[in-house]
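Residues per chain are reported as follows:
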Amino acid sequence: MRIIDISMEIHADMVVYPGDPSPRFEQLSTLAEGEMNVSLLTMGSHTGTHVDAQLHISDQGRSVADLPLDSLYGPCEVLDLTGVGRVIHAKHLQGQDIDYGSIVLLKTRNSLEQYESFREDYTYLSEDAAQYLVDKGLRTLGIDYLSVEAQEGSGRVHELLVQRMTVFESLYLKDVQPGRYIFCGLPLKLRTDGAPVRAILIEA
């Protein structure tokens, strides 16, 4: 069994979505002072590898604490979409190995470009691609950048997906080969609109 970490490391200089706060770490006490090492962590709810909850797009939506546990763990398929340009359309997903009620992670050219600084030209899902995945009855979707939707998007892609499945963003899939794995992405049990996640793939 091999375990692959597909999470971004959270640090003060990491890339964040424009408008989101950068993480801050403050030392509250230290061993040198005769106490324990204790830190104060300050970060946005969508920092690094994270999960979106319905509360992200609706004041009446479910929080992270309400996400179904079976959407956070289970068999998954990593799809290779690195050959697609900036926009993923439904035609790029047709013929892919997507089972009803499954967990699917999309490896795009974002994984090749990486996360040194924010890129406006990141690969994202179009509305027709989002509707296609909804129609396929996905349980969970993951993508390898800070948002599943274009920066200039209307919010419709988020609305389509987050209302109907669990969505993970900013997965680190650079060294992951397409294929079948066991996925595990566990956020803290918070009643918030999103939460950072430690996500892994298990290769049996």
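Residues numbered from 1 in each chain as written. Predicted model: local features only at pLDDT ≥ 70, side-chain atom pairs only at ≥ 80, totals over all residues. Heavy atoms only, no water.

Draft legend 1. Spotlight on the nonpolar core. If you look at the biggest cluster of nonpolar residues, it comprises 25 residues, and the most contacted ones within it are L93, L106, L125, L133, L141 and L161. Taken together, the elements giving at least two residues each to this core come down to β5 (73-81), α1 (90-93), β7 (103-108), α3 (127-135), β9 (140-143) and α4 (156-162). It is α3 that provides the largest number of residues to this core, a total of five residues. Contact partners of L133, with chain neighbours within four places excluded, come to L93, I98, L125, L138, L141, L161 and M165. If you look at the next biggest cluster of nonpolar residues, it comprises 21 residues, including A53, C76, V78 and F183. (Core = buried A, V, L, I, M, F, W, Y, C linked by side-chain atoms within 4.5 Å. Buried < 20%, exposed > 50% of the residue type's maximum accessible area, 1.4 Å probe, protein only. Helix = DSSP H or I, 4+ residues; strand = E, 2+ residues; numbered from the N terminus. Contact = heavy atoms within 4.5 Å.)

Draft legend 2. Up close: α3. Every buried residue of α3 is listed here: A129, A130, Y132, L133 and V134. In this structure, the buried residues of α3 make contact with β6 (87-88), α1, β8 (124-125), β9 and α4. Just beyond α3, the residue with positive phi is G137, at close to 70°.

Draft legend 3. The side chain of S7, seen in detail. Within the fold, S7 resides in the loop between β1 (2-5) and β2 (24-29). A residue is classified by how much of its surface remains accessible, and S7, at 13% relative accessible area, is buried. Residues in contact with S7, not counting those within four places in the same chain, are T49, Y172, V197, R198 and A199.

Draft legend 4. Representation of the pairing of strand β10 (residues 166-169) within the structure. The two faces of β10 match: T166 and F168 on one face and V167 and E169 on the other face are all buried. Here strand β4 (residues 50-52) pairs with β10 via three bridges, running antiparallel. Pairing of V51 across the sheet is with F168, part of β10. Bridge analysis of β9 against β10 gives three bridges, and the strand direction is parallel. Residue pairing in the sheet places T140 in a bridge with T166 of β10. At this point the chain moves from β9, through α4, to the parallel β10, and the crossover so formed is right-handed. (Pairing = 2+ DSSP bridges. Right-handed = clockwise from strand over helix to strand, strands pointing away.)

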